[in-house]
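Chain by chain, the residues run as shown.
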Amino acid sequence: MSSGSECNGVKTNGYLNGSGQPEDLKIAIIGQSNFAAEVLEVLLEHHHMVVGVFTIADKGSREDILATTARQLNIPVFKISAWRRKGVPIPEVLEKYRSVGANLNVLPFCSQFIPMEVIDGAKFGSICYHPSILPRHRGASAISWTLIEGDDTAGFSIFWADDGLDTGPILLQRQCPVLGDDTLDTLYKRFLYPEGVTAMLEAVDMIADGTAPKITQTEIGATYDPALFREENQFINLNQSAKRIFNFIRGLDSVPGALAVIVAEDGSECPVRLHGASLCGPAVLANAKPLKFKGSAGPAYVDREGIFIIGSDGQLVKVKRVKKGSKMIQASQWFAQVGKKVVPLELNEREVEMEEIIKGIWKSILKVEIEAETDFFACGAGSMDVVRLVEEVKDALEIPLENENLFMAPSFQEFLNEVISRTRNGANQESSGPDYESVVLRENKKTISVPVQMFVNGRFIDAENKKTLDIINPTTEQVICRVAAASASDVDYAIRCAHDAFKGVWSQVSARERGQMMYKLADLMEQYKEELATIESVDSGAVYTLALKTHVGMSIDAWRYYAGWTDKIEGSTIPVNPAKPNNVLTFTKREPIGVCGLITPWNYPLMMLSWKMAACIAAGNTVVIKPAQVCPLTALKFAELSVKAGFPPGVINVVTGAGSITGQAISEHPLVRKLGFTGSTPIGKKIMASCAESNIKKCSMELGGKSPLIIFADCDMDKAVRLGMSSVFFNKGENCIAAGRLFVEDKIHDEFVRKVVKNIKTMAIGDPLNRGTAHGPQNHKSHMDKLMEYCEIGVKEGAKLVYGGKRVPNMKGWFFEPTVFTNVQDHMFIAKEESFGPIMVISKFHSSDFDALVQRANATEYGLASGVFTKDIRKAMLFADKVEAGTVFVNTYNKTDVAAPFGGFKQSGFGKDLGQEALNEYLKTKCVTIEY
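Only a predicted model underlies this, so the values are computations on that prediction, with no experimental measurement involved.

Cut-off values and rules
- Residues numbered from 1 in each chain as written.
- Predicted model: local features only at pLDDT ≥ 70, side-chain atom pairs only at ≥ 80, totals over all residues.
- Heavy atoms only, no water.
- Helix = DSSP H or I, 4+ residues; strand = E, 2+ residues; numbered from the N terminus.
- Rg over C-alpha atoms; globule rule 2.2 N^0.38 Å.
- Buried < 20%, exposed > 50% of the residue type's maximum accessible area, 1.4 Å probe, protein only.
- Contact = heavy atoms within 4.5 Å.
- Pairing = 2+ DSSP bridges.
- Axes fitted to C-alpha atoms, helices over the stretch in contact; angles between N-to-C directions.
- Polar contact = N/O pair within 3.5 Å; in protein donor to acceptor, adjacent residues only side chain to side chain.
- pLDDT = per-residue confidence, 0-100.
- UniProt positions renumbered as here; feature names shortened; annotations may be inferred.
- 1 Å grid on protein atoms, 1.4 Å probe; cavity = no way out; pocket = protein on both sides within 12 Å on 5 of 7 lines; lining within 4 Å.
- Points joined across faces, edges and corners; volume = space filled by probe spheres on them.
- Nonpolar A, V, L, I, M, F, W, Y, C, P; charged D, E, K, R; others polar.
- Parallel < 35°, antiparallel > 145°, perpendicular 65-115°, else oblique.
- Expected span 1.5 Å × (residues − 1).
- Salt bridge = Lys/Arg side-chain N within 4 Å of Asp/Glu carboxyl O.
- Phe/Tyr/Trp six-rings, centres within 6.5 Å; stacked < 30°, edge-to-face > 60°.
- Left-handed = near helix turned anticlockwise from the far one by under 90°.

**Student:** Can you break down the overall build of the protein residue by residue, with the values?
**Tutor:** For the protein, the count of helices and strands is 27 helices and 43 strands. Scaling as 2.2 N^0.38, a compact globule of 932 residues should have a C-alpha radius of gyration of about 30 Å, and the protein matches this with 32 Å. Considering only C-alpha atoms, the protein reaches an extent of 95 × 75 × 75 Å along its principal axes. For the protein, with 932 residues in total, the buried portion stands at 54%. Taking the contacts inside the protein whose residues are at least 6 apart along the sequence as the reference set, 69% of them involve residues at least 24 apart.

**Student:** Break down the sheet that holds strand β43 (residues 923–931) for me, with residues and values.
**Tutor:** The three strands are arranged β26-β27-β43 in an open sheet whose pairing can be described as antiparallel. In the strand order of this sheet, the two ends are held by β26 (573–574) and β43, each with one partner.

**Student:** Account for the sheet that holds strand β4 (residues 27–30), with residues named and values stated.
**Tutor:** Reading across the sheet, the seven strands line up as β6-β5-β4-β9-β10-β11-β12 and stay open at both edges, with mixed pairing between neighbours. The sheet is open, and its two edges are formed by β6 (77–80) and β12 (170–177), each paired on a single side. The average angle at which neighbouring strand axes cross in this sheet is 15°, direction not considered.

**Student:** Outline the side chain of S707, supporting the account with residue identities and numerical values.
**Tutor:** Along the polypeptide, S707 turns up in strand β33 (residues 707–711). Within polar-contact distance, the side chain of S707 engages the backbone oxygen of A865 at 3.2 Å. Ignoring anything within four residues of it in the chain, the contact list for S707 reads I737, A738, A739, G740, R741, L864, A865, S866 and Y893.

**Student:** How would you summarise the confidence of the model for the protein if you had to cite specific residues and measurements?
**Tutor:** With 95% of its residues at a pLDDT of 70 or more, the protein has an overall mean of 92. Predicted confidence is poor over residues 427–432, with pLDDT under 50, and the contacts of this stretch with residues over four places away or in other chains come to seven contacts.

**Student:** Requested: an account of the UniProt feature "active site" (unreviewed entry) in the protein, with residues and values cited.
**Tutor:** Listed under "active site" (unreviewed entry) in the UniProt record, and renumbered for this structure, are E702. Ignoring any residue separated from it by four or fewer positions in sequence, one finds E702 in contact with M608, F677, T678, G679, C736, L864, F902 and S908.

**Student:** So what's going on with the layout of surface pockets? Which residues, and what values?
**Tutor:** The space that makes up the second largest pocket amounts to roughly 1,300 Å³. Residue lining of the second largest pocket: 41 residues in total, with W602, G679, S680, I683 and K786 positioned closest to the centre. Those elements that place two or more of their residues in the lining of the second largest pocket are α19 (659–668), β31 (672–678), α20 (681–695) and α23 (781–796). The greatest single-element share of the lining of the second largest pocket, amounting to seven residues, is contributed by α23. In terms of residue class, the lining of the second largest pocket is built from 17 nonpolar, 17 polar and seven charged.

**Student:** Outline empty space enclosed by the protein, listing residues and values.
**Tutor:** Picture a little ball the size of a water molecule; that probe, rolled over the atoms, points out where space is still empty. Tallied over the entire structure, the rule returns four cavities of 30 Å³ or more. In this structure, the largest cavity encloses a volume near 80 Å³. As for the largest cavity, its lining consists of 13 residues, of which A738, G740, S835, F836 and G837 are closest to the centre.

**Student:** Which residues make up the packing of helix α14 (residues 511–527) against helix α15 (residues 529–540), and what values do they have?
**Tutor:** Contact pair α14 / α15: the axes reach a minimum separation of 4 Å and the direction vectors enclose 70°. Viewed along their axes, α14 and α15 adopt a mutual orientation that is roughly perpendicular. Where α14 approaches α15, its residues M525, E526 and Q527 are matched on the opposing element by K529, E531 and L532. Grouping the amino acids of the contact of α14 with α15 by side-chain chemistry returns two nonpolar, one polar and three charged.

**Student:** Outline the environment of G180, listing residues and values.
**Tutor:** By secondary structure assignment, the location of G180 is in the loop between β12 and α6 (184–209). It is 9.5 Å that separates the C-alpha atoms of G180 and L279, two residues lying 99 residues apart in sequence. Each residue touching G180, except ones within four places of it in the same chain, is listed here: F246 and R250.

**Student:** An account of helix α17 (residues 605–618) is needed here, citing residue identities and associated values.
**Tutor:** In this model α17 runs 20 Å from its N-terminal to its C-terminal C-alpha over 14 residues, within 8% of the 20 Å that 1.5 Å per residue would give. Note on α17: the residue one or two positions beyond its end, G620, has a positive phi of about 100°.

**Student:** Go over the pairing of strand β11 (residues 153–160) with me, naming the residues and quoting the values.
**Tutor:** With seven of eight residues buried, β11 is to be regarded as a mostly interior element. Sheet analysis places strand β10 (residues 126–130) next to β11, joined by four bridges and oriented antiparallel. Within the sheet, the bridge partner assigned to Y129 lies in β11 and is I158. Pairing of β11 with β12 involves seven bridges; the strand directions are antiparallel. Paired with A154 across the bridge in β12 is C176.

**Student:** Provide a residue-level description of the pattern of salt bridges, including the pertinent values.
**Tutor:** Under the counting rule described, the total for this entry stands at 46 salt bridges. Here R136 ties to D151 by a salt bridge, and the two come within 2.9 Å at their closest N and O atoms. Here R136, found in the loop between β10 and α5 (142–148), pairs with D151, found in the loop between α5 and β11; they are 15 residues apart in sequence, far enough to count as distant. By relative accessible area, which is 31% here, R136 ends up partly exposed.

**Student:** How would you summarise the packing of aromatic side chains if you had to cite specific residues and measurements?
**Tutor:** Tallied over the entire structure, the rule returns 22 aromatic pairs. With 5.4 Å between their ring centres and 90° between their planes, Y188 and Y193 make a pair best called edge-to-face. Looking at Y188, the relative accessible area reads 26%, which means it is partly exposed. The exposure class of Y193 is buried, given its relative accessible area of 13%. Considering the side-chain rings of F712 and F850, the 6.3 Å spacing of their centres and the 10° angle between planes classify their relative orientation as stacked. With F712 in the loop between β33 and α21 (717–729) and F850 in helix α25 (residues 850–858), this residue pair connects regions lying 138 residues apart in the sequence.

**Student:** I'd like a description of the packing of α14 against helix α16 (residues 544–563), backed by residues and values.
**Tutor:** Two elements in contact, α14 and α16, have axes whose closest approach is 8 Å; the angle formed by their N-to-C orientations is 165°. When the interaxial angle is binned, α14 and α16 end up roughly antiparallel. When you trace α14 past α16, the crossing you get is left-handed. On α16, the residues touching G515, M518, Y519, L521, A522, D523, M525 and E526 of α14 are S555, I556, W559, R560, Y562 and A563. Considered class by class, the residues forming the contact of α14 with α16 number nine nonpolar, two polar and three charged.

**Student:** Give me unusual backbone geometry: which residues, what numbers.
**Tutor:** Across the chain, the bulk of peptide bonds are trans and the bulk of non-glycine residues have phi less than zero. Along the chain, L134 connects to P135 via a cis peptide bond; the corresponding omega equals 15°. A positive phi angle, near 90°, is found at S33, a position not held by glycine. Looking at the element boundaries, S33 is found in helix α1 (residues 33–45). Its identity as a non-glycine residue notwithstanding, K445 has a phi of 60°, on the positive side. For K445, a relative accessible area of 57% corresponds to the exposed category.

**Student:** For the pairing of strand β34 (residues 739–745), give the residues involved together with the corresponding values.
**Tutor:** Taking burial as the measure, the seven residues of β34 include seven buried ones, the bulk of the element. The pairing of β33 with β34 spans five bridges and is classified as parallel. Considered in β34, the bridge of S707 is made with A739. In this structure, β34 lies alongside strand β37 (residues 839–845), joined through four bridges in parallel fashion.

**Student:** Describe the side chain of S487, with residues and values.
**Tutor:** Here S487 is to be found in the loop between β25 (478–484) and α13 (488–503). You can call S487 buried: its relative accessible area is 16%. Excluding residues within four positions of it along the chain, S487 makes contact with E464 and I661.

**Student:** A description of the environment of E437 should follow, citing residues and the corresponding values.
**Tutor:** If you trace the backbone, E437 turns up in the loop between α12 (412–425) and β20 (438–443). Sequence-wise, E437 and P451 are 14 residues apart; in three dimensions their C-alpha atoms are separated by 5.8 Å. Apart from residues lying up to four places away in sequence, E437 is in contact with V450, P451, V452, Q453 and D462.

**Student:** Mind laying out the environment of E369, listing which residues take part and the relevant values?
**Tutor:** Note on placement: E369 falls in the loop between α9 (349–366) and α10 (383–397). For E369, a relative accessible area of 47% gives the class partly exposed. Filtering out sequence-adjacent residues up to four positions away, E369 remains in contact with K363 and T374. There is a polar contact of 3.1 Å between the side chain of E369 and the side chain of K363.

Below, the structure is given as C-alpha cells:
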C-alpha cells in the first residue's frame, strides 16, 4: 500500500495494481435524489473518476435529478427499474453494471435493494450513507426515528456495505445536537444533507489515500426500526405523553406527515396528516370547539391558533396545519374547511384543451404530478411562483386574472373552475384619459399607449423647441421612442404651476379628500399594473414577474399606505411655564413644506417615484419630479393615471430630460423648498451644494452603498446561499441596498462559493418579458461598460474571478453575466467601491476576532444597509449594535416594507423614505404660543 497521488488531474487509489503502479479509482454511483446528484458533482470537482451512474427508472416523463445531472456531465447513465426478479439478480442488469468496470461503489441514497453480486463486485468495496449514528436506528426511516425516540443527538454514518441490513463496518461518522424545534426537514437541511455531501467526499478521499478504516459495528444499543414509508406505521398514538406525540409528528414532518383519523359528529371518518407541531404551555380552551380523533382517550380542541391535543400527562401539543387528501389547510380552519367540496365543471372540447394547458403550467412550476386536489401552496410555492402562474395562464389563454384568484382557489380544481368561469363570463375593458402624443407599445400580447410629452399643470406638453431625447430598449438596443427633453425654462414653468396649485386649489382639499384621491390612484395602478409592469420591463430591463411583484406591487402598497396617513398627521400640546397671572397654551402644527422637487434613479423607476411622492402628497405638498433620463416611461404613464384619479392640475408634474439640465434646474429653483434625491454620492454632493446656494432647501438623500453581508459558519447554509445570491443579483444587481461585499467565514467559504456558482448556472438569462427569465439586461450601455471595467480592475488587482465578468456572449441586448469574485482583499478597488451590478465580491474571515470583522464591515464611507446570517442571536445583536448602516437584515435580505423606514448613514445619505418617518421629510413644524 502506498500513499494516494494524483495523475493527470484524476485521483488514484493508495492501492497498487499488479505492476506496482497506483490504481485509479473507478467509481459507480448507485442511487437517486438531489443528495446523490450533489455527491456526484463534488466527486468530479475533486478529480475523482466516475465511470457510471445507476439510478431509478423514470416516473412517467420525469427522470431523477441524478440522471439529469449525470447526463449534463457526460457520465453514462443506467436507469434500473429493478435489480432482482424473484430474489435473483437479473443477468442483463448485472451485465450493464459490469460494463463500466467500476472498482468502488458509492451509494449516497438508494431506495432499491442492490444484489450482493454488485456490492461485492467492486474491487475496493461499496460504501453507503446512512442518516443515523449506527448501530442505532438501522432501517429506512432513520432520521424520523431519531426524532420520534427523542434522541438528543442526530448524525450519520458512512459504512462498508455487507450482506446485513446496515450492519457493515463503519468508515466514518458525524453527529450534531437535536434542537427543540427540529423536524425531519430541518434536521436534514441543516446538517444531514450538507455535512453528508462533504463526508461522502472525505470518505472517497480516504479510500483513495488507502487510509479508510473498517470499524466493526457493535451490537450494544443497536436498534432496527419499522419503515415509515408503510402507511400502517405512520399512524400516531394519541394516548401517550405530549412530548412523545410532538416527537412523532415532527419525525414525519413534512413528508409523509403523521397519520390520524378525525371522527365527525355524524360518525364519518376523515384521515388527515398532522404538521407543524409544537409543545405549548397551558392554554385557555373555553371557547375552543372539541374535535374527536379515532382511538384517542380524550378530545382535542380547535381554536384560532390551531388544533390542541392533550397528552396523557395533561400537557398540550399544538398542531398548526392539517393535510386532508392533497390539500393543506390551517388547523384553525378545520371546521370551516372540512365541509367544502369542489364540483368540477362540465367542460367542452376547447375547455378540455385549456385544462391540459393549465395543468402543464402547474406541473412546470411545482415539479409534481397534478391532481384535482393538488394545492399550489402546500406544494411549497412562493410569492414569485404565484406571479409566474398567473402571468403564464394569462399569457397562454389571454384572459384577465389576478393573484387573488389563486389565493381564493389554491387547489387545481378550484383554480381550473375559476379560469373556466372567467372565460365563459368574458371581461370588461375601459380606456380613457387626457390627450397626448404617444408611442404605442405592442409587447407582452398587449397594446399600450404611453405618453412621450412632459406632464405639467394637468396637461401633456412639448418641451421648449420640441427638443427630445432617445429612449432605448436595453433588451433589443433599439430606440423605443423619443420623449420631451425639458429645458430650464420648462422646469421653471412646471415649478410655478406647482406653486400656484399649492397656494390655491390644493390648499382647499381636505386631508381626508387627499387620501381618497390617493386610494383612487392606487386602485388605478392596480387596474393597470400589467401595463405598468410591461412598460417597466421594456424601458428599464426589469424582469416582468419582478416588475409586477416589486416595481409595481410595492408602488401600489406605498400609495395605499400613505393614503391612510393623510388625516392622521398631528401636532402636540406642550406644557410651558405660565406668564402669571395669565395662562399660556403652546401647541405645534405639522404643515406641508410647499413645492417639492424629486429626482429619482433608473433602477426602480416607478417604485422610487412612489416611495417619495406618496409621502410628499400625503403631507399636502405639490411636486415636480424628474424621472431617470434613460427610463421615464412609467412616470409618464403614472401621470396619465393621476388625471383619472382626480388630482387637480399642478399638484403632480413630470419633467423629463437630462440631469445636468432638468435636474440642476430643479435643485437651483428658489420656489422649491424641499428636494428628495436618490442616486450616486458624487451627484448627491452637487445637488446639496445647489440646494444650499439657492435657498437652503431641506434635503433628503439616498445615495451610494457598499453594504456588507456577514455569513457565519453556523448559518442555515441553503438560506444563506439563496438570500446571499438575492442580496447581490436581485434586479440584475441594480439595487441600492445590494450586498456590495460578502464576508464569508473560512469554514464554509468554499462550499458557499460552490453552491452559489452552481445556482448561477441555472439562472435563466434573457428577455425580461419571458415569464421564466430570472436575469434581464442591464439598464443602459454605459452602465454595462462600467461593470466590465469594474471586473477588469478586480482581476488586475489580484481578485479571483470565479464566474462571469463579461457580457453574455451571442445575445443582443445589454446582458451581463452574474459574476463572482473571491480572494478579495480590503485594499482592493472592488472591496471599496460600489458596482451597482450583478457582481458578488467575497472575502474570507475567521470567527476568532468579531470586533475586527465589524471594523472591516464598517471600513467604508457608505452606510446604507448590512446583513448577517447566523443562528447565534448574540452575534446577530452585537453586529446590529456595532454596524454603521441604516438598515440591518438578520437572516434575511432585501426585506423592505412600506411601513419600515429606509435610509442610510455617512455618505449613503440622510433622511428616510417609507414608514411614518418619511412624512417628516415633507413636513415642517410650527409652534404656536397663546397667552390668555
